[in-house]
Amino acid sequence: MHIMEGFLPIEHAVGWAVASMPFVAYGIGSIKKQIDANPEQRMLLGVAAAFTFVLSALKLPSVTGSCSHPTGTGLGALLFGPAAMAPIGLVVLLFQALLLAHGGLTTLGANLFSMAIVGPFAAAALFRLARRLTLSFAVSVFIAASVADLLTYVTTSAQLAWAFPDPTGGFVTSFAKFAGIFAITQIPLAISEGLLTVVIFNALARFNPQELKDMNVVRPPELRA
Amino acid sequence: MLIEQCAYANRWRRVSPAAKALFALCGLVASFAAGTPLVALAVVCLLTAVTWIGAGVPVGRYLRVAAPAFFFLATSCLSLAFSLGSDAQSGALSLHLTPTGLQNVADVSARSLGALASLLFLVLTTPLIDLIALLRRLKTPEVLLEIMVLCYRMLFVFSEAMHDTVRAQSARLGYATPRLSLRSLGGLAANLTVQVWQRAHDLHIAAQARNSDGPLRFLEPTFANAGLDSALAAASGGLLIALAVVLS
């Protein structure tokens, strides 16, 4: 769910850009460190960004009949770590604005915050929490991916509600309106995305256990399932 | 990709990207500076006219590129126009149109259309590779530029791989039912995920075989008349902003 170009008032657009900046700077710093330690990472990040971009062009079947695309934030966060997702997300969102006119330059900060910062960090934290609660691998992946997708859209609704509070009910009413409209497409979508991410990890575990082990996502014994 | 086709095949392909970006920036400022929806709509008309007539972008293609953005604008404006309130007597929730809501919708959608027209002017006249070169001159962190260049290159490799896989899967009825589609999509994405590591590794080996010492280096594209282009863009952009401020 991208906020379109020019939709947010100027103070909000600038504010969200400033709020996203430290995360991007931290991400760039951590990427630089990774590249110094392991030069192969230089190519990996560019390729990963292209993969995320292409993934967002896929059409997901959804229950309400509306077709929508996966955000890939959960998958990316589990594969590459949440810190690296901020710079990758910046590039992907910029490309979506420049190549597809999807999203925009003035709303880049706000979209970055919801899709490449809140989503990935939530996914990584939930995955870790679910594993600590000894839930099965598939259930943990499902929770991480679908809740990350949901939180992304809740953040977008909150951003819109903050920018356009309801004349009578204020922020809360406005938030309910935006969240209500987006819920029609986003809740089935979050479930589809969770299922899809589980199917992806199952296929990876079946056919490419070595790669998955190299990514430190799972510990070896779980791959026999 | 429609935008790519226009960006490489428009009349202003050889105009300096700095000039085009400057004009688009002025368009953005003008749409935010416009005080009334009518003035903002005038800015929209001027920007689209420049894109259609000046750069020679086909009207049909322009509208097709803008269509998804219109859809988002429509759904968001719907929630701005209606106000959710509870009835004083019965306490039931009710939706009602408010005059301030409609005013808000007019303001926001006019401003949004202006900003969209500026963005479309830039992306439909300037190929991404020129924009990346421009960002390099604006001192964007080297790591981000490298991700962008590699991403742009690998984008087409991945989308070809994706289309091939989707065609092979649908030829085997992989998308016949929703359940099968989910399974096929999972297989497709998993396959592409593995390719991420394989292709990155191949690129690394290829770079090392060519004596790579780390950073990727690029030749800067050169543009004749860059100074004149920028001066013209600054003048016309300034005029646009002045118009938006004076009229409102």
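Residues numbered from 1 in each chain as written. Chains lettered and ligands numbered in written order. Predicted model: local features only at pLDDT ≥ 70, side-chain atom pairs only at ≥ 80, totals over all residues. Heavy atoms only, no water.

**Q** Help me understand the overall build of chain B, please; the structure alone is not making it clear to me.
**A** Looking only at helices and strands, one finds nine helices and two strands in chain B. Scanning chain B from its N terminus toward the C terminus, one meets helices and strands in the order α-α-α-α-β-β-α-α-α-α-α. Rg of the C-alpha trace for chain B: 24 Å, well past the compact-globule value of 18 Å for 248 residues, more than 25% over. With respect to the principal axes defined by its C-alpha atoms, chain B has extents near 70 × 60 × 35 Å. Counting all 248 residues of chain B, 46% fall into the buried class. Taking contacts inside chain B between residues at least 6 apart in sequence as the whole, the part at least 24 apart equals 74%. (Helix = DSSP H or I, 4+ residues; strand = E, 2+ residues; numbered from the N terminus. Rg over C-alpha atoms; globule rule 2.2 N^0.38 Å. Buried < 20%, exposed > 50% of the residue type's maximum accessible area, 1.4 Å probe, protein only. Contact = heavy atoms within 4.5 Å.)

**Q** Looking at this structure, how should I read helix 5 (residues 108–132) of chain A?
**A** Residue pairs spaced three or four apart in an α-helix point in one direction, given the helix's 3.6 residues per turn. Residues and elements named next belong to chain A. For helix 5, spanning 25 residues, the distance from its first C-alpha to its last is 35 Å, which sits close to the expected 36 Å at 1.5 Å a residue. The largest bend in helix 5 is about 25°, located at Val118, with the proline Pro120 one to four residues further on. Just downstream of helix 5, Thr134 is the residue with a positive phi angle, here 55°. (Expected span 1.5 Å × (residues − 1). Bend = angle between axes of the 7 residues up to and from the residue.)

**Q** Teacher, can you tell me more about the interface of chain B and chain A here?
**A** When the parts come together, some accessible area is lost, and that loss is often what is quoted as the size of the interface. With 71 residues of chain B at the interface, the matching set in chain A holds 67 residues. Summing the contributions of chain B and of chain A, the shared interface buries around 6,200 Å²; its carbon and sulfur component is 83%. Scanning the region where chain B abuts chain A turns up one salt bridge. One salt bridge in this structure joins Glu146 of chain B and Arg42 of chain A, with 2.9 Å as the shortest N-O distance. The set of elements that each furnish at least two residues to the side of chain B that touches chain A consists of helix 1 (2–9), helix 2 (17–33), helix 4 (59–81), strand 1 (82–86), helix 5 (99–125), helix 6 (128–137), helix 7 (142–171) and helix 8 (178–209) of chain B. For the side of chain B that touches chain A, the element with the most residues is helix 8 of chain B, which contributes 22 residues. Here the side of chain B that touches chain A is built from residues that sort into 49 nonpolar, 17 polar and five charged. (Buried area = accessible area lost by both parts, 1.4 Å probe. Salt bridge = Lys/Arg side-chain N within 4 Å of Asp/Glu carboxyl O. Nonpolar A, V, L, I, M, F, W, Y, C, P; charged D, E, K, R; others polar.)

**Q** Could you clarify how one ought to interpret the domain arrangement of chain B in this entry?
**A** Here the domain parsing of chain B yields domain 1 (2–83 + 96–126 + 224–247) and domain 2 (134–209). The C-alpha centroid of domain 2 of chain B is placed 32 Å from the C-alpha centroid of domain 1 of chain B. (Domains from an automatic or database assignment.)

**Q** Would you explain the state of the cysteines in this entry?
**A** By definition, a disulfide links the sulfur atoms of two cysteine residues through a covalent bond. In total, this model carries zero disulfides over all chains according to the counting rule given. Here Cys6 of chain B is not disulfide-linked; the sulfur of Cys45 of chain B is the nearest cysteine sulfur, at 20 Å. (Disulfide = S-S within 2.5 Å.)

**Q** Whenever I open this one, the side chain of Ser109 of chain B confuses me. Can you help?
**A** Residues and elements named next belong to chain B. Within the element layout of this structure, Ser109 appears in helix 5. On the accessibility criterion, Ser109 (17% relative accessible area) is buried. Contact partners of Ser109, with chain neighbours within four places excluded, come to Leu73 and Cys77.

**Q** When you look at the nonpolar core in this model, what are you seeing that I'm missing?
**A** For soluble globular proteins, the rule of thumb is that nonpolar side chains tend to be buried together. Counting 135 residues, the largest nonpolar core has Phe7 and Phe95 of chain A together with Leu120 and Phe158 of chain B as its most contacted members. Residue contributions to this core reach at least three from each of two domains, namely domain 1 (2–83 + 96–126 + 224–247) and domain 2 (134–209) of chain B. Not counting chain neighbours up to four residues away, the residues in contact with Phe7 of chain A comprise Thr107, Leu160 and Phe164 of chain A together with Leu73, Ser76, Leu80, Val108, Arg111 and Ser112 of chain B. (Core = buried A, V, L, I, M, F, W, Y, C linked by side-chain atoms within 4.5 Å.)

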